[in-house]
Amino acid sequence: MLLSLVLHTYSMRYLLPSVVLLGTAPTYVLAWGVWRLLSAFLPSRFYQALDDRLYCVYQSMVLFFFENYTGVQKHEIHPCNWGYLCAITMEGTRNENPNKNVLLGDFRVLCMCISILLYGDLPKNKENIIYLANHRSTVDWIVADILAIRQNALGHVRYVLKDGLKWLPLYGCYFSQHGGIYVKRSAKFNEKEMRNKLQSYVDAGTPMYLVIFPEGTRYNPEQTKVISSSQAFAAQRGLPVLKYVLTPRIKATHVAFDCMKKYLDAIYDVTVVYEGKDNGGQQREAPTMTEFLCKESPKIHIHIDRIDKKDVPEEQERMRRWLHERFEIKDKMLIEFYESPDPERRNRFPGKSVHSKLSMKKTLPSMLILSGLTTGMLMTEAGRKLYVNTWIYGTLLGCLWITIKP
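Keep in mind that what you see is a predicted model, and the values were worked out from it rather than measured. (Residues numbered from 1 in each chain as written. Predicted model: local features only at pLDDT ≥ 70, side-chain atom pairs only at ≥ 80, totals over all residues. Heavy atoms only, no water.)

Chemist: Would you mind going over the overall build of the chain with me for this structure?
Modeler: Within the chain, the secondary structure is distributed over 15 helices and eight strands. By the burial criterion, 50% of the 406 residues in the chain qualify as buried. Contacts spanning at least 24 positions in sequence make up 80% of the contacts within the chain whose residues lie at least 6 apart. Counting every atom, the chain has about 20400 Å² of accessible surface; 59% of that belongs to carbon and sulfur. (Helix = DSSP H or I, 4+ residues; strand = E, 2+ residues; numbered from the N terminus. Buried < 20%, exposed > 50% of the residue type's maximum accessible area, 1.4 Å probe, protein only. Contact = heavy atoms within 4.5 Å. Areas by Shrake-Rupley, 256 points an atom, 1.4 Å probe, with all protein chains shown as cover.)

Structure, rendered in C-alpha cells:
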C-alpha cells in the first residue's frame, strides 16, 4: 500500500515542471516585452545582448528540471533504503500482491538517476556554429541546450522550426523574435525569407548556435510508413538507404551554411540515443518530455563531431551528398549501438564516454527568480489581471505579429 502510494506520487513528478515552466511564461514574456520597447531606439546589438541573457535565464530554468530535478548524475541508494525496500517487498509477498513484480520494477526506476554520456569533441569555448542532429524526440530541443550551457552559449541557441510551431501561445512569436526561423517543407519552403533573416543576424554580429534537424520530422521505429517513404526517397535519388535515421533534407542546411559560411566557426554533427530502461538493447520509441521527466530514459548518449567549415562543400548537390554521408555515419553508429554482436560495443558509441554533470548553481537561481517573480505577481489583484491578460492578449498579438511579419 505504502509503495503503491509512493509510486503513484512519483508518476506525477512531471506536474511540477509543467506548472512552473508554463506558469512563468507570462512573467518572462512581460520582461522581454518591456526590454523590447525600451530598446526600440537603440542599436540592435544592445537588444540582442540582453535578449540572449534573458533567454539564458529561462532555458537555465528548463535545464534545472531536465537535468537537476531528474537527478542527472551517478547516484547510489543508501543501504538502509535497500533494507526498507526489502521490508516492503516481503510485506507485499506475504499479502500475495499480484502486482508486486510491476511495483518492484517501477521502484527500481524510482531509485534510478539519469546519466548523460558525452562522446567525441565538444569544445569548451562557445563558437558560431550550425548544429545538425538526428531527430528522435521532443527532448532533442533540450539536448541542444544541454550542450550549449556547457560552452556558456545557452543564450545564443536559435532554432530552425517547423512552421506550425509559430502558433504556440506566447512562445511562437517570441522564438521568432529571439532568432528562430520557421520553415515549411518541400515546395513550400521559403528560401528568400530564411536568407533575409539569417543575413540580418550575420550583419548585426549576432552570436549563432543554430539548431537544425535535417530529417524534418522525428524518427519513430513504430511509424513504418514514414520510414519506408524516407527509404524510398533515398533509393529514387541513388542514395544509400538508411535504417535508424530518416533521409536528411538539404534546403535549410544549405541556405544556413551559404548565408553564414564566412561567419561560422564550425558545424557540430550530433548523434543522440535515448537508452530505454526496458529495451534490452533493442530500439524503442524515444521518450516524450513528460516520459523523460519520469525517468523513462535512464541514459542519454550524445556523440559530437566538430567539423571545420572548410571541410563542408558549398555547392548544393555536393552538400546533399556530404549531408547524406554524415547521416550514413550516424546510421552505422546506431546499427552498432543496437546490433553489435560484441556486448562491449553494444549500447554505447565508439570512443571514450564522459559522464557529464551540470552544477545546480547554473540552473537553480533562474528557477527561483522566475518562480518568485510569478508568485509575487499572482499575490495581488492587479498582478493577477496583468498575468491573465498577458496570456490572452499576448497570445493574440503574437499570432497577429507572426502573421504580418513571420
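Chemist: Whenever I open this one, the pattern of salt bridges confuses me. Can you help?
Modeler: Pairing of side chains with opposite charge becomes possible as their charged atoms draw close. The full count for this structure, using the stated rule, is 16 salt bridges. In this structure, the salt-bridge partner of Lys243 is Glu339, at a minimum N-O distance of 2.4 Å. One end of the pair, Lys243, is in the loop between helix H10 (224-236) and helix H11 (251-260); the other, Glu339, is in helix H13 (residues 316-339), with 96 residues separating them in the sequence. Accessibility expressed as a relative area gives 38% for Glu339, which makes it partly exposed. In this structure, the salt-bridge partner of Glu381 is Lys385, at a minimum N-O distance of 3.8 Å. One end of the pair is Glu381 and the other is Lys385, both in helix H15 (residues 381-404) and four residues apart, which spans about a single turn. There is no split in this pair, since Glu381 and Lys385 are both exposed. (Salt bridge = Lys/Arg side-chain N within 4 Å of Asp/Glu carboxyl O.)

Chemist: Teacher, can you tell me more about the side chain of Asn68 here?
Modeler: Mapped onto the secondary structure, Asn68 falls in helix H4 (residues 44-69). The exposure class of Asn68 is buried, given its relative accessible area of 17%. In terms of polar contacts, Asn68 uses its side chain to reach the backbone carbonyl oxygen of Leu358, at 3.0 Å. Excluding residues that lie within four positions of it along the chain, Asn68 makes contacts with Leu63, Leu358, Ser359, Met360 and Thr363. (Polar contact = N/O pair within 3.5 Å; in protein donor to acceptor, adjacent residues only side chain to side chain.)

Chemist: Would you mind showing me how to read helix H9 (residues 191-204) here?
Modeler: For H9, with 14 residues, the first-to-last C-alpha span of 20 Å sits near the 20 Å given by 1.5 Å per residue. Within the span of H9, buried status applies to Met194, Lys197, Leu198, Tyr201 and Val202. Projected down its long axis, H9 shows its buried positions confined to an angular sector of 140 degrees, all on one face. What points out from H9, more than 90 degrees from its buried face, is the exposed set Lys192 and Asp203. Close packing links the buried residues of H9 with strand E3 (157-162), helix H8 (171-178), strand E4 (181-183), strand E5 (209-212) and H11. (Expected span 1.5 Å × (residues − 1). Arc of directions from axis to C-beta.)

Chemist: Can you walk me through the sheet that holds strand E8 (residues 353-355) in this structure?
Modeler: What holds strands together in a sheet is hydrogen bonding between their backbones, with the strands either parallel or antiparallel. Sheet architecture is open: eight strands sit in the order E4-E3-E5-E2-E6-E7-E1-E8, paired in mixed fashion. What marks the edges here is a single partner per strand, and that holds for E4 and E8. Each adjacent strand pair in this sheet contributes to an overall mean axis angle of 25 degrees, direction not counted. Running over the sheet, H11 touches strand E2 (129-133), E3, E5 and strand E6 (266-275) and is turned about 160 degrees from E5. (Pairing = 2+ DSSP bridges. Axes fitted to C-alpha atoms, helices over the stretch in contact; angles between N-to-C directions.)

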